Amino acid sequence: MINRILNSSFFSILTVLIFLTVFWYGASVHLNSDVLIDKYERKKVEWDFSKLVNDSWSMKRPIMPAPHQIFFDMKKSIFDQKITSKRSLVYHSWVTISSTLVGFAMGSFLGILLAVGIVHVPTLNKSVLPWIIASQTIPILALAPMIIVVLGAFGITGLLPKAIISAYLCFFPIAIGMVKGLRSPDLMHLDLMKTYNATKTQIFWKLRRPASVPFLFASFKVSIAISLVGAIVGELPAGARAGLGARLLTGSYYGQTVQIWSALLVASLLAGMLVFLMTFLESSVKKRMGSEI
Amino acid sequence: MKIAGYSYQIFITCFLIQIFFSRDWMMLSIRTSLFAIIPVIASLIVLYRGETIKHISGKVIISLMITSGFFATLGSVHENSKNISWGIWIYVLSLLILAWQVMGYWSKIDTTYNKKIAITINLLVPVMFGGLLLFLWEMLTVGFQVPQVLLPPPSMIGVAIMNSLEMLWADFQQTFLKAVFAGFFFGCFLGFSVAILVEKVPFLQRGLLPLGNLASALPIVGVAPIMVMWFGFDWHSKAAVVILMTFFPMLVNTLTGLRSTERMELDMMHSYAANYWQMLFKVRLPNALPFIFNALKINSTLALIGAIVAEFFGTPIVGMGFRISTEIGRMNVDVVWASIAVAALSGSFFYALLALIERQITGWHPSFRAS
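Worth saying up front: this structure is predicted, and the values here are computed from it rather than measured.

Any details on the overall build of chain A? Residues and values, ideally.
Counting secondary structure elements, chain A contains 13 helices and zero strands. The C-alpha atoms of chain A give a radius of gyration of 25 Å, which is well past the 19 Å a tight globule of 293 residues would have. Projecting the C-alpha coordinates of chain A onto the three principal axes gives extents of approximately 90 × 65 × 35 Å. Buried residues in chain A amount to 48% of all 293 residues. In chain A, the share of contacts with a sequence separation of at least 24, taken over all contacts with a separation of at least 6, comes to 72%. Counting only carbon and sulfur atoms, one obtains 69% of the accessible surface of chain A, whose full area is about 15,600 Å². Taking the 28 positively charged and 13 negatively charged side chains of chain A as two groups, their mean positions are separated by 13 Å.

Could you give an account of the overall build of chain B, with specific residues and numbers?
Along its length, chain B carries 15 helices and zero strands. Against the 2.2 N^0.38 benchmark of 21 Å for 371 residues, chain B shows a C-alpha radius of gyration of 27 Å, more extended than a compact globule. Summarising its shape, the C-alpha atoms of chain B cover approximately 85 × 55 × 30 Å along the three principal directions. Across the 371 residues that make up chain B, the buried fraction comes to 51%.

Tell me about the domain arrangement of chain B, and name the residues and values.
Examined at the domain level, chain B breaks down into domain 1 (2-146) and domain 2 (162-370). For domain 1 of chain B versus domain 2 of chain B, the distance between C-alpha centres works out to 42 Å.

Give a detailed account of unusual backbone geometry, specifying residues and quantitative values.
Positive phi values are uncommon outside glycine, yet Asn197 of chain A reaches one of about 60°. By secondary structure assignment, the location of Asn197 of chain A is in the loop between helix H10 (187-195) and helix H11 (200-234). Positioned with a positive phi, Met331 of chain B is a non-glycine residue whose angle comes to about 60°. Mapped onto the secondary structure, Met331 of chain B falls in the loop between helix H13 (320-329) and helix H14 (333-361).

Mind laying out the interface of chain B and chain A, listing which residues take part and the relevant values?
The partner chain A presents 53 residues to the 50 residues of chain B that form the contact. Contact between chain B and chain A buries roughly 4,300 Å² in total, counting both sides, with carbon and sulfur atoms accounting for 84%. If you look at where chain B meets chain A, you find three residue pairs in polar contact (both at pLDDT 80 or more). Looking at the side of chain B that touches chain A, the elements that each hand over two or more residues are helix H4 (87-107), helix H5 (115-143), helix H8 (202-215), helix H9 (224-231), helix H12 (276-311), H13 and H14 of chain B. With nine residues, the single largest contributor to the side of chain B that touches chain A is H14 of chain B.

Give me the packing of aromatic side chains: which residues, what numbers.
Residue and element names in this part refer to chain B. Taken as a whole, this structure holds 25 aromatic pairs over all chains when the rule is applied. Taken together, a centroid distance of 5.5 Å and an interplanar angle of 75° make the contact between Phe176 and Phe350 edge-to-face. Of this pair, Phe176 sits in helix H7 (residues 165-199) while Phe350 sits in helix H14, and the two are 174 residues apart along the sequence. Grouping residues by exposure puts Phe176 and Phe350 together as buried. Aromatic pair Tyr276 and Trp277: ring centres 5.1 Å apart, planes at 75°, arrangement edge-to-face. Using a relative accessible area of 23% as the deciding quantity, one classes Tyr276 as partly exposed. Directly above the ring of Tyr276 sits Lys200, whose terminal nitrogen or CZ lies 4.4 Å from the centroid.

Go over the confidence of the model for chain A, please, and point to the residues and values.
Chain-level pLDDT for chain A is 83 on average; 98% of the residues reach the 70-or-more range. By mean pLDDT, helix H1 (residues 2-7) of chain A is the weakest element of chain A at 75, and H10 of chain A is the strongest at 91.

Before we move on, can you summarise the confidence of the model for chain B with the specific residues and values?
Considering every residue of chain B, the mean pLDDT works out to 84; 96% of them sit at 70 or more. No element of chain B has a lower mean pLDDT than helix H15 (residues 366-370) of chain B, at 64, and none a higher one than H7 of chain B, at 91.

Give a detailed account of the domain arrangement of chain A, specifying residues and quantitative values.
Residues and elements named next belong to chain A. Here chain A is partitioned into domain 1 (2-64) and domain 2 (89-288). Placing a centre on the C-alpha atoms of domain 1 and another on those of domain 2 gives a separation of 38 Å. At the interface, six residues of domain 1 touch seven residues of domain 2. Between domain 1 and domain 2, roughly 450 Å² of surface is buried when both sides are summed, and carbon and sulfur atoms account for 55% of that area. Linking domain 1 with domain 2 are zero salt bridges, by the criterion used here. The tally of links from domain 1 across to domain 2 stands at zero residue pairs in polar contact (both at pLDDT 80 or more).

Could you give an account of H13 of chain B, naming the residues involved and the relevant values?
An α-helical segment advances 3.6 residues per turn. Residues three or four places apart therefore align on the same side. With respect to burial, H13 of chain B is a largely interior element, seven of its ten residues being buried. Among the residues of H13 of chain B, Met320, Gly321, Phe322, Arg323, Ile324, Glu327 and Ile328 of chain B are the ones counted as buried. Taken together, the buried residues of H13 of chain B touch helix H8 (144-153) of chain A together with H7, H12 and H14 of chain B. Phi turns positive, to about 60°, at Met331 of chain B, one or two residues after H13 of chain B.

I'd love a proper account of the side chain of Thr73 of chain B, names of residues and values included.
All names here are of chain B. By the element assignment, Thr73 lies in helix H3 (residues 56-79). A relative accessible area of 0% means that Thr73 is categorised as buried. Within polar-contact distance, the side chain of Thr73 engages the backbone oxygen of Phe70 at 2.8 Å. For Thr73, the contacting residues outside a window of four places in its chain are Trp25, Ile88, Tyr91, Val92, Phe135 and Met139.

Hey, could you go over the packing of helix H4 (residues 67-79) of chain A against helix H13 (residues 257-288) of chain A for me, with residue numbers and the actual values?
All names here are of chain A. It is at 9 Å that the axes of H4 and H13 come closest, and there the two elements cross at 75°. The angle between the axes of H4 and H13 places the two elements in the roughly perpendicular class. Every residue of H13 that contacts H4 at Gln69, Ile70, Asp73, Met74 and Ile78 is listed here: Val258, Gln259, Trp261, Ser262, Leu265, Val266 and Leu269. Split into classes, the residues belonging to the contact of H4 with H13 amount to eight nonpolar, three polar and one charged.

For the pattern of salt bridges, give the residues involved together with the corresponding values.
With the rule as written, the count across this model stands at eight salt bridges over all chains. The salt bridge partner of Glu199 of chain B is Arg284 of chain B, with a shortest N-O separation of 2.5 Å. Pair noted here: Glu199 of chain B is in helix H7 and Arg284 of chain B is in helix H12, with a separation of 85 residues, a long-range link. Taking relative accessible area as the criterion, Glu199 of chain B reaches 11% and is therefore assigned buried. Ionic contacts of the salt-bridge type, sharing partners, join the residues Lys221, Glu282 and Lys286 of chain A into one network.

Go over a nonpolar patch on the surface with me, naming the residues and quoting the values.
Taken together, the side chains of Val102, Met106, Phe154, Ile156, Leu159 and Leu160 of chain A together with Leu150 of chain B present a nonpolar region at the surface, about 510 Å² in accessible area. Going through the elements one at a time, helix H5 (89-120) and helix H9 (159-182) of chain A are the ones with two or more residues in the nonpolar patch. According to the relative accessible area criterion, Met106 of chain A is partly exposed, its value standing at 31%.

Break down helix H2 (residues 9-43) of chain A for me, with residues and values.
Residue and element names in this part refer to chain A. Compared with the 51 Å implied by 1.5 Å per residue over 35 residues, the 50 Å span of H2 between its first and last C-alpha is a close match. Roughly 45° is the biggest bend found in H2, and it falls at Ser33. Within the sequence span of H2, burial applies to Ser12, Val16, Ala27, Ser28, Val29, Asn32, Ser33, Leu36 and Tyr40. Trailing H2 by a residue or two, Lys44 shows a phi angle of about 55°, which is positive.

The rules behind these values
Residues numbered from 1 in each chain as written. Chains lettered and ligands numbered in written order. Predicted model: local features only at pLDDT ≥ 70, side-chain atom pairs only at ≥ 80, totals over all residues. Heavy atoms only, no water. Helix = DSSP H or I, 4+ residues; strand = E, 2+ residues; numbered from the N terminus. Rg over C-alpha atoms; globule rule 2.2 N^0.38 Å. Buried < 20%, exposed > 50% of the residue type's maximum accessible area, 1.4 Å probe, protein only. Contact = heavy atoms within 4.5 Å. Areas by Shrake-Rupley, 256 points an atom, 1.4 Å probe, with all protein chains shown as cover. Lys, Arg positive; Asp, Glu negative; His and termini not counted. Charge placed at Lys NZ, Arg CZ, Asp CG, Glu CD. Domains from an automatic or database assignment. Buried area = accessible area lost by both parts, 1.4 Å probe. Polar contact = N/O pair within 3.5 Å; in protein donor to acceptor, adjacent residues only side chain to side chain. Phe/Tyr/Trp six-rings, centres within 6.5 Å; stacked < 30°, edge-to-face > 60°. Lys NZ or Arg CZ within 6 Å of the ring centre and 35° of its normal. pLDDT = per-residue confidence, 0-100. Salt bridge = Lys/Arg side-chain N within 4 Å of Asp/Glu carboxyl O. Axes fitted to C-alpha atoms, helices over the stretch in contact; angles between N-to-C directions. Parallel < 35°, antiparallel > 145°, perpendicular 65-115°, else oblique. Nonpolar A, V, L, I, M, F, W, Y, C, P; charged D, E, K, R; others polar. Patch = residues over 30% accessible without salt bridge, like charges linked within 9 Å, V, L, I, M, F, W, Y side chains within 5 Å. Expected span 1.5 Å × (residues − 1). Bend = angle between axes of the 7 residues up to and from the residue.

Okay, here's the thing in C-alpha cells:
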C-alpha cells in the first residue's frame, strides 16, 4: 500500500511542488537579504537570522516575494474586491480571457478554412503551405505593438486589436494541424470511399472531418495557450488600461513585485484552466464519436 | 485544361475593355505599354499554340512574359498614383487570375521520379506566391494611397532597411547575438543536463514531466518584468527570460527522448555488459536526438519571442524589441517593419540552420528515412 502511494505520480508531483515551495522561501530570504542587511546597518538595528527571515518574508516591495505574500495578495484582489472594481484580478482576468477566446475563435475559424482549402486545391497546397510552415519560425509576437498602436490610431481599441493578435498567433498551428488531420485517412479508406462513388464533399464530411478531430484538438490545446500569451502581450503597449498584461506593466513601473507575481500566477492558472477545458472537450467529443479513449 | 483556357480569354477580354475605355495608365511611357502588352502576347500564344506550356522551357517563357505585366502596373502606379484610372485594376485582377493559373501549371508537374525537379518546384511555387503577395501589397498600398501609418508599401520598407542598416545591425547584435544566443544555449544546456540527471531517478521523472508539460502552456514571457527588475536593463535580463522559456521544452523533450529507447535495445546492451555511460552515449542519446532537435527548433522561435517581448519592459536604447516599441510610438512605421523583417529573417535562418544540422546528424534515424 505504502509502496503504491510512493510510486503514484500524484505523490511525486506533490513532493516536487513542496520542494519547489521550500526552495522558493529560501530563495526569497537569500535574494532579499542584501537589501535588508543594508537597511539594518544604515539604521543600526540589532538583527539576527530569524529577524532577517521574518522581515524578508514580509517586505512591502520585496525583490522576491514569499509564496504566502502572493497568496494573500491574490486573495485580497480576487475575493475582497468587487468583481467590477479595477483592483480586482477577476475583472482583469475577464478582460484578458474575453479577448483570448474571441481571438481563438477567429483564428480557429480562419485556420480550419485555410486547411480545407489547402487539402482540396493543389495550387494552394504548393504555394501557401510552405509559407505557413515558415511562419512558425518567425517571432510573430513582435507585430503585437504595431497592431495595437496602428489600429488605435484609427480609433479601434479595446477587445478587437488584442483578439486579432491572438487570432493570428493561433491561426498557424491550427492550419497546420488541420492539414495533417484532413490528410490522415489511409489510402485504403479513401479508395473505399471511391468504390462507393462518394463525391469530394461526402469524402470530406464522412471521412476526412472525423479523422481530423484528434489533430484538431491537439492544435487547439497548443493554440489556446499561445492565444492567452498573445492577449497578455497585446495589453502591454498603448497605455495598458486593463487586463493581466496591464497589471504586469503597471507592476513593473511602480516596483510592485507582489502584484506582478500574483498577475503571473493568475495568468498561469487561467492557462491551465483553458488547456484543461480543451482536454475535457476533447475527451467528451471523442467519447461521443465512439473512440476508445 | 478547359478552365485554363478561360483564364486567358478573361485576361484578353479585360485587356480589350480597359484599352478602349480606360487606357491612360498604359500610356504613361513606351516601356509601360510595351510591358503591359507582353502578357497579352503570352496568352495568345497559349491559346493558339497550347503545346507550348507542355515543356518546361515554354512554361518558363510564358511565366516570364506574364511577369512583365506586373512590372508594367508597378511602374505606372509609382509614376502617377494620384489620378489613376480604373482600367489598371481590371488589368491587375485578370493578371492575377492568369498568374494563379500559371502557378497551377507549375504545381501540377509530376515530381515523383525526379528529386531535383521536385526540390526546384517546391521552392519555385512558394517563391512565386510570395512575390505575388508582395506585388499585391505594393500595388494596393501605392495605388489606393493607403496611409503609410497603416501599412507602408514593401518598397518603402526596403528603403528603410537600406537607410538604417547600421542601426538594425546594432539591434541585431544586442537582441540576437547577445540575449538570444546566450539564453538559448544556456537554457537548452540546462534543460538537457537536468533531464539526464532526473532520468536516473524515476521518482523525480514522474514528478517533473507533468509539471514540465504544464509549464509549456504557461505564459512564461510574463516573468519578463521580474527579470528586468532583477538583472537590470541590459541583455542579461533578456537572456534570463530566454533561459526560462527554453528550459522546459528541452527538459520534457529530452526526457521523452531518453525514454523512447526500446527495452530490447537496452537488453542487448545489457548482455554486452555495457555500463550506464556506454548505454547513455551509444544507444539512448542517439535515439533521443530527434526529440532533442525538436526541442531546439521549438526553442529557436521561443528564444526570439522571449528576448523581444522582454525588451518591451525596459532596455538600453538598442535592441529589436526596443526599436519596435519606440518607433511605433513615433509613428515611424517603416522602421518598425524593417525591424520586424530582420527579426523574421534571423528567426527563420536560425531555424533553418538547426534543421540543416539535424538532417546532417540524424539522417540515419527512421523518422527521417520514412519521409
